[in-house]
Amino acid sequence: MLAVYNCVANAHDLRLVLLAAAICALASYAAISLLHHMRRSNGRMRYIWLAVSAISTGGGIWSTHFIAMLAFTPGVPSAYNIALTALSLIAAIALTGAGLAAATASPSAKSACLGGAMAGGGIATMHYIGMAAFEIQGRIAWDPVLVAASILLGASLGAAALAAGLRADKLSARLLGALLLTLAICSHHFTAMAAATVVPGPSFEFSAMALPSGKLAIAVAGVSLAMVNLTLAGIAIEMRIWRQETARMRHLANAAIEGLMICAGEIIVSVNDSFAALAGLSAGRIAGLALEHFFPEESTRGRLLQAGIEPAEGELRQADGARIPVELVMRRINLTGRSYWAIAVRDLRARKQAEQKIHYLAHYDTLTGIFNRNSFNDKLDQEIQHTLASGRQLALLCLDLDHFKEVNDLFGHAAGDKLLQLVTQRIHNILDSNQTIARLGGDEFAIIVPGLRNPEGARRIARRIIETLQTPPPGPSAPAPVSATIGIALCPDDAGSREELIACADAALYRAKSDGRGAYCFFEASIGAAVKTRRALEHDLRHAIARKECRAVYQPVMDIRSGKFIGFEALLRWEHPSRGEISPAEFIPLAEETGLILPLGDWVLREACREAASWAEPLSVAVNVSTAQIHDAHFSSRVHEILFETGLKPSRLELEITETALIRDMPRALATLSRIKVLGVRVAMDDFGTGYSSLSNLRAFPFDKIKIDKSFVKAVNSNGQGAAIVRSVLGLSHALHLPVVAEGVETQAELAFLAAEACDLVQGYLLGKPSDIAAFRALTHPGALALGHANVVPLMARAAS
């Protein structure tokens, strides 16, 4: 080591030594950089980059050696053999190129080490050929140990240099590789120079091909200049590629919708336009700022570093100080050989708003702003647990608005919505802060009243609600107020769970409705049994058609003058599998309340038309139509469809409606009946005289027939007023040229009275009870009279009388 130091310090011009080291460093960095370009290239360009790298590196090694040789002062005359000097340059380029080719043959570290060792061997070969070209007056004695050490240093440091420089395409890796390659060249040279001892000799004549040191300096300067140019060209190419890649990355980043930051550590190097807009600053002003400027919360930066590629949420501080929720994702990227952090910043404001909206929709009623059923269930569970633990009582009030559907039908859904909002506000104003109101759907509300000492508190609230809702809404165009019916259940007296408590309150609500509405009712055990029976009946009624439990029966209608039967009225019957035949007075109101009357009514209509179309005699068939059917916008279309399917002539079908169906929504009902009349179907007013304004109804719509209610017929022989009413109706109908059907004729005296008063048509038990159509086959198929059906003889006898 001391020999090497003495050689450098005492036998060399240090200025030229530093120049040689600088050229060596430039050549080494250019070699490593060019090798990376070579790795990224394919085909012909790969060989071009290999040639450029070999010339630059080999020339750099050669220039380093001969500049250092020029710095060497042996103390005796010296010159350089031009042939061997040229050979040393060729050897440097060729052997270095072979080593570089081997190093880049594969991306493995072994290839880099092998190629580096070969390049180190090329350094040694060039050096000792160059020393052979060194002619002096005397001879050179070699120290074999230092010679071996020089070769070993060149090979080992060369292997380490390429392994480190090619490990990654980063600036740090390139600098380390260039440093090790510089050490490999310089340590080999000066160790090899220390191994040489100049021994002066007698007079010596230089060979004809010897070149003086001055001329060699010119040659070395030319080679060095070419090497520097190649190095600068490599650096220029690298800078151009860096700028192109940077521009491409910037364009890609600006194309991204999300914000993007490129950071070196916690310093922001660059941002895209989206992040600049999000932060409220220009991209130029953001560059150079610390992450802390936009993410002041240390916890946010900590979560980002911990999460890595996993998203981390935090708050971004904008230029005006406002904070917005963002999602951050960080990845390490390599840009032009340098390692950076790329941080994607996603604006979460829209997502947070959507999450809040979803949460609101999941827990609150959108129309009224109060709890919906989900939140009500959770709240009731909590209050029941607290009630059971505290020993006090909890009241659950289930509330329905009476006849709310009529408000929608008469005034429209917008008016119904306003009424629901008004009801909610009024009830909310009554309740205390610890009491909860929820809308369960439609016009159904529930109120939770916790912490009661006795049921009287629930009673007072129910009374106040009913009284408050009876106050007319403000405004001249506001709909009339609707009353409310309330069912009340207590916890733990009536039930100790949510499901049971709701069932009890519902049962009390049904009892209150059946008692006349507009009232409240506390739950009792007997109520529960009745409601359970009613719900079971409702469930069975929903499946009655599918289970074929429904059937149509027919009651004949007779012309009094001729004694002939002109048609039938079709009536619905329900044969329950376990309870037997259910009275229409029991299941029809239930069907109307639950909406089942629509499918049931359609079934009867279709069945009656199908049956009538099969009769040999063209008798008419009458079918009762419910209020719900008349107010259904599609009812007339279904009538037309049924007539088309069954093939029944429209003139044989008669639809019977009540005055109640008309008065509920006169314009809609009359519009529906007008469309039905256009089809050729006849329309009769049923139960005439029991409704609201019979005369105005007759004037509003041209009915084809009037039916007198059986309650008036029963009174013709026992009540003078009843007989007078029937005479008045018959006189009115005759004046209007409307046929009249008297229902409920059960005695000969009633029939005689009606005949004397010139009633047109009659029906009732006297002429025939409602029965299956097979019982009247003699009427529907006259040729079958000889078959002797049971109803034929009584019917014909009554007709003859």
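Our structure's up above, just so we're on the same page.
Residues numbered from 1 in each chain as written. Predicted model: local features only at pLDDT ≥ 70, side-chain atom pairs only at ≥ 80, totals over all residues. Heavy atoms only, no water.

Draft legend 1. Structural view of the pairing of strand β6 (residues 259-264). Taken together, the 4 bridges between β6 and strand β7 (residues 267-271) define a ladder with antiparallel strand orientation. Across the sheet, Ile-262 pairs through a bridge with Ser-270, a residue of β7. Where β6 hands over to β7, the hairpin turn is made up of 2 residues, of which Gly-265 adopts a positive phi near 70°. (Pairing = 2+ DSSP bridges. Helix = DSSP H or I, 4+ residues; strand = E, 2+ residues; numbered from the N terminus.)

Draft legend 2. Main features of the sheet that holds strand β12 (residues 436-441). Taken together, the 5 strands give an open sheet; going across it, the order is β12-β13-β11-β14-β15, and neighbouring strands pair in mixed fashion. Strands at the two margins of the open sheet, each flanked by one partner only, are β12 and β15 (520-522). Within the sheet, the average angular offset between the axes of one strand and its neighbour, ignoring direction, is 20°. In terms of strand pairing, strand β11 (residues 393-401) meets strand β13 (residues 444-452) through 7 bridges, oriented antiparallel. (Axes fitted to C-alpha atoms, helices over the stretch in contact; angles between N-to-C directions.)

Draft legend 3. A look at the pattern of salt bridges. As enumerated under the stated definition, the model contains 34 salt bridges in all. When the shortest N-O distance is used, the salt bridge between Glu-297 and Arg-323 registers 3.1 Å. Of this pair, Glu-297 sits in the loop between α11 (291-294) and α12 (298-307) while Arg-323 is found in strand β9 (residues 323-335), placing the two residues 26 residues apart along the sequence. A relative accessible area of 39% means that Arg-323 is categorised as partly exposed. For the salt bridge of Glu-313 with Arg-351, the shortest nitrogen-to-oxygen distance reads 2.8 Å. You can see Glu-313 sitting in strand β8 (residues 312-317) and its partner Arg-351 sitting in helix α13 (residues 349-363), a full 38 residues away along the chain. On the basis of relative accessible area, Glu-313 is assigned to the partly exposed category, the value being 35%. When salt bridges that share partners are traced, they join Glu-258, Glu-313, Glu-327, Arg-346, Arg-351, Lys-352 and Glu-355 into one network. (Salt bridge = Lys/Arg side-chain N within 4 Å of Asp/Glu carboxyl O. Buried < 20%, exposed > 50% of the residue type's maximum accessible area, 1.4 Å probe, protein only.)

Draft legend 4. Summary view of a nonpolar patch on the surface. On the surface, a nonpolar cluster with roughly 260 Å² of combined accessible area is contributed by Leu-176, Leu-179 and Leu-183. With respect to the secondary-structure elements, Leu-183 resides in helix α7 (residues 171-195). According to the relative accessible area criterion, Leu-183 is partly exposed, its value standing at 42%. (Patch = residues over 30% accessible without salt bridge, like charges linked within 9 Å, V, L, I, M, F, W, Y side chains within 5 Å. Areas by Shrake-Rupley, 256 points an atom, 1.4 Å probe, with all protein chains shown as cover.)

Draft legend 5. Quick look at empty space enclosed by the protein. A full pass over the atoms with the stated rule returns 4 cavities of 30 Å³ or more. Lining the largest cavity are Val-557, Ile-566, Gly-567, Phe-568, Ser-620, Ala-622, Glu-654, Glu-656, Lys-705, Lys-707, Val-741 and Gln-763. Of all the elements in the fold, those that place two or more residues in the lining of the largest cavity are β17 (565-576), β19 (620-624), β20 (653-658) and β22 (705-708). In terms of residue count, β17 provides more of the lining of the largest cavity than any other element does, 3 residues in total. (1 Å grid on protein atoms, 1.4 Å probe; cavity = no way out; pocket = protein on both sides within 12 Å on 5 of 7 lines; lining within 4 Å. Points joined across faces, edges and corners; volume = space filled by probe spheres on them.)

Draft legend 6. Helix α20 (residues 584-594), seen in detail. Those residues of α20 that fall on the buried side of the exposure criterion are Phe-587, Leu-590 and Ala-591. For α20, the arc enclosing every buried residue in end-on projection is 100°, short of the 170-degree limit, so these residues lie on one face. Looking at the residues trailing α20, positive phi occurs at Gly-595, about 85°. (Arc of directions from axis to C-beta.)

Draft legend 7. Molecular detail of the packing of aromatic side chains. Enumeration according to the criterion identifies 10 aromatic pairs in this entry. Ring geometry for Tyr-520 against Phe-522: centres 6.4 Å apart, planes inclined by 85°, an arrangement best described as edge-to-face. Between Phe-568 and Phe-776, the aromatic rings sit 5.3 Å apart at their centres with planes inclined by 50°, giving tilted as the arrangement. Note that Phe-568 is positioned in strand β17 and Phe-776 in the loop between β24 (761-762) and α30 (777-780), a separation of 208 residues in sequence. On the accessibility criterion, Phe-568 (1% relative accessible area) is buried. By the ring-pair criterion, three or more aromatic residues cluster together here, those being Tyr-554, Phe-568, Trp-615 and Phe-776. (Phe/Tyr/Trp six-rings, centres within 6.5 Å; stacked < 30°, edge-to-face > 60°.)

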